[in-house]
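Architecture at a glance
Given next are the chains, with one letter for each unit.
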Amino acid sequence: MAVKKASEMFSKRLIEDVHKWGCMKQTGVSLRYMMEFGSTPTERNLLISAQFLHKELPIRIARRAIELETLPYGLSEKPAVLKVRDWYVESFRDMRAFPEIKDTADEKEFTQMIKAVKVRHNNVVPMMALGVNQLKKGMKLYENLDEIHQFLDRFYLSRIGIRMLIGQHVELHNPNPPLHTVGYIHTKMSPMEVARNASEDARSICFREYGSAPEINIYGDPSFTFPYVPTHLHLMVYELVKNSLRAVQERFVDSDRVAPPIRIIVADGIEDVTIKVSDEGGGIPRSGLPKIFTYLYSTARNPLEEDVDLGTADVPLTMAGYGYGLPISRLYARYFGGDLQIISMEGYGTDAYLHLSRLGDSQEPLP
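Report on the accompanying structure. Bear in mind the structure is a predicted one, so any value in this text is a computation, not a measurement. (Residues numbered from 1 in each chain as written. Predicted model: local features only at pLDDT ≥ 70, side-chain atom pairs only at ≥ 80, totals over all residues. Heavy atoms only, no water.)

What follows is about the overall build of the protein chain. Looking only at helices and strands, one finds eleven helices and eight strands in the protein chain. Classification of the 367 residues of the protein chain by burial places 50% in the buried group. Of the contacts made within the protein chain by residues no fewer than 6 positions apart, 79% connect residues no fewer than 24 positions apart. Carbon and sulfur atoms make up 52% of the accessible area of the protein chain, which totals about 17,400 Å². (Helix = DSSP H or I, 4+ residues; strand = E, 2+ residues; numbered from the N terminus. Buried < 20%, exposed > 50% of the residue type's maximum accessible area, 1.4 Å probe, protein only. Contact = heavy atoms within 4.5 Å. Areas by Shrake-Rupley, 256 points an atom, 1.4 Å probe, with all protein chains shown as cover.)

Here's what the structure looks like:
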């Protein structure tokens, strides 16, 4: 397909506007602020929230749209990346075309519009993965492309923030919110319960692919709760458990021994809640450890292969994913001030330490 720069696809005025807004300062918010502000979703608060998003989202979206135009090694010209860039510019255009939000009627209309923006961007991650694969096909050495790795870290971290802000605002409109929830945030989330649900989901995928799955044992205080976003935690634990299941399953597939269980330990500290996922799946060689957080390493098949419609089709779940699970899980942890560390013993197994900040007062990182 012919490569089209944004300047050929969109009006000159729109592109100038993107560059103008991309230079403006972003404003971060903390988990605690989102929780306190959203705890009383009055019409006035929803109006203030919409007015903030009306100014903030175009800045964040514009920054990414500009970056998508200027990527090294010709990544910006790849068809899948052009598609993502178009989504960002279209979303920027929709935001900027929306008039000033003055009353509840405006706010409701704005909420419908940002809901549509969120749906438009559903498949950004596999689409960017497809673009990176398109780049890799034409290159011999791609494991040291630090610039692209750093770009993707910034890009996906920003995406987490944009989706959190939109999702939080939209969810505050829910007329019957579940108990102890403020938008996406659960004020009394049980990490044990989320870990159990995520583990069951990962085991069902393992069963589907291998016909069996190792046991999973979870240790911790079942009554312990703290404020967090359950969907984020579910995604991270699911990813870690899925990797462990796969490693153990493949190591013991032809063995007479029963596959050893995966152990999950939930610890509540003063600063952090830490979740450790331990397996005896054989570990990762030390030389391979730096690669597990890169986006350019996976040999797994991308579920959005070249022949699919580049629209917003749902992406099927697989055990291998498309190699982005660990780096993206680490970004989800870092988004609210936590982190993810992997420690491995080659010949034995791997321990993943997922740290979640209990305090909830760190500002969003703003790439």
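Picking up where we left off.
Under the definition given, this model contains four cavities of 30 Å³ or more. The computed volume of the largest cavity comes to approximately 70 Å³. Along the walls of the largest cavity sit I61, Y88, V117, K118, H121, R159, I162, R163 and I166, which together make up its complete lining. The element that contributes the greatest number of residues to the lining of the largest cavity is helix α8 (residues 146–171), accounting for four residues. Classifying every residue of the lining of the largest cavity by side-chain character gives five nonpolar, one polar and three charged. (1 Å grid on protein atoms, 1.4 Å probe; cavity = no way out; pocket = protein on both sides within 12 Å on 5 of 7 lines; lining within 4 Å. Points joined across faces, edges and corners; volume = space filled by probe spheres on them. Nonpolar A, V, L, I, M, F, W, Y, C, P; charged D, E, K, R; others polar.)

The strand order across the open sheet formed by five strands is β3-β5-β6-β8-β7, and the pairing between neighbours is mixed. The open sheet has two free edges, formed respectively by β3 (216–219) and β7 (339–345), since each of these has just one partner strand. Pairs of neighbouring strands in the sheet enclose a mean axial angle of 15°, with direction left out of account. Pairing analysis gives six bridges linking strand β5 (residues 262–268) to strand β6 (residues 272–279), with the strands arranged antiparallel. Counted as the bridge partner of I264 is V277 from β6. Here helix α11 (residues 325–335) sits on the sheet in contact with β7 and β8 (349–357), set at roughly 135° to β7. (Pairing = 2+ DSSP bridges. Axes fitted to C-alpha atoms, helices over the stretch in contact; angles between N-to-C directions.)

Next up on the list: the sheet that holds strand β4 (residues 226–228). Strand order in the open sheet formed by three strands is β1-β2-β4, with antiparallel pairing between adjacent strands. Of all strands in the sheet, those bounded by a partner on one side alone are β1 (181–182) and β4. Relative to β4, strand β2 (residues 185–189) runs antiparallel, the two being bridged by two bridges. Bridge pairing in β4 links H186 to Y228.

Below, the discussion takes up the environment of Y335. Within the fold, Y335 resides in helix α11. Classification of Y335 by relative accessible area gives buried; the value is 1%. When the C-alpha atoms of Y335 and E364 are compared, they prove to be 5.8 Å apart, with 29 residues separating the residues in sequence. The residues touching Y335, leaving out its near neighbours within four places in the chain, are M34, L157, I160, G161, M164, H232, E364 and P365.

As a further point, take the packing of aromatic side chains. A full pass over the atoms with the stated rule returns twelve aromatic pairs. Seen in terms of ring centroids, F224 and F226 are 5.8 Å apart; in terms of plane orientation they differ by 10°. Their pairing is stacked. Side by side, F224 and F226 carry an identical accessibility label, which is buried. Site record: aromatic cluster; members linked through ring pairs are Y88, F151, F155, Y156, Y295 and Y324. For the cation-ring pair, R330 lies above F293, with the distance from its terminal atom to the ring centre recorded as 4.0 Å. (Phe/Tyr/Trp six-rings, centres within 6.5 Å; stacked < 30°, edge-to-face > 60°. Lys NZ or Arg CZ within 6 Å of the ring centre and 35° of its normal.)

One ladder, built from four bridges, connects β3 with β5; its direction is parallel. Opposite Y219, over in β5, you have I265 as the bridge partner.

Another point: the environment of S30. The residue S30 is located in the loop between α2 (12–22) and α3 (31–38) in this model. In this structure S30 comes out as buried when scored by relative accessible area, which is 6%. Expressed as a C-alpha distance, the spacing of S30 and P365, which sit 335 residues apart in the sequence, is 9.6 Å. In this view, S30 contacts G360, D361, S362 and Q363; residues no more than four positions away in its chain are not counted.

A positive phi angle is found at Y73, which is not glycine, with a value near 60°. Mapping Y73 onto the fold places it in the loop between α4 (43–69) and α5 (79–97). Accessibility expressed as a relative area gives 43% for Y73, which makes it partly exposed. Phi at H180 is positive, roughly 65°, even though this residue is not glycine.

Turning our eyes to something else, we now look at the side chain of T274. One can find T274 in strand β6. A distance of 3.2 Å separates the side chain of T274 from the side chain of H355, its partner in a polar contact. (Polar contact = N/O pair within 3.5 Å; in protein donor to acceptor, adjacent residues only side chain to side chain.)

Charged atoms that come close allow side chains of opposite charge to pair. Here the structure, examined in full by the defined rule, presents 13 salt bridges. Residue R64 is joined to E67 by a salt bridge in which the shortest nitrogen-to-oxygen separation is 2.9 Å. Placement of the pair is R64 and E67 together in helix α4, with a separation of three residues, close to one helical turn. Accessibility assignment for this pair places R64 and E67 in one class, buried. (Salt bridge = Lys/Arg side-chain N within 4 Å of Asp/Glu carboxyl O.)

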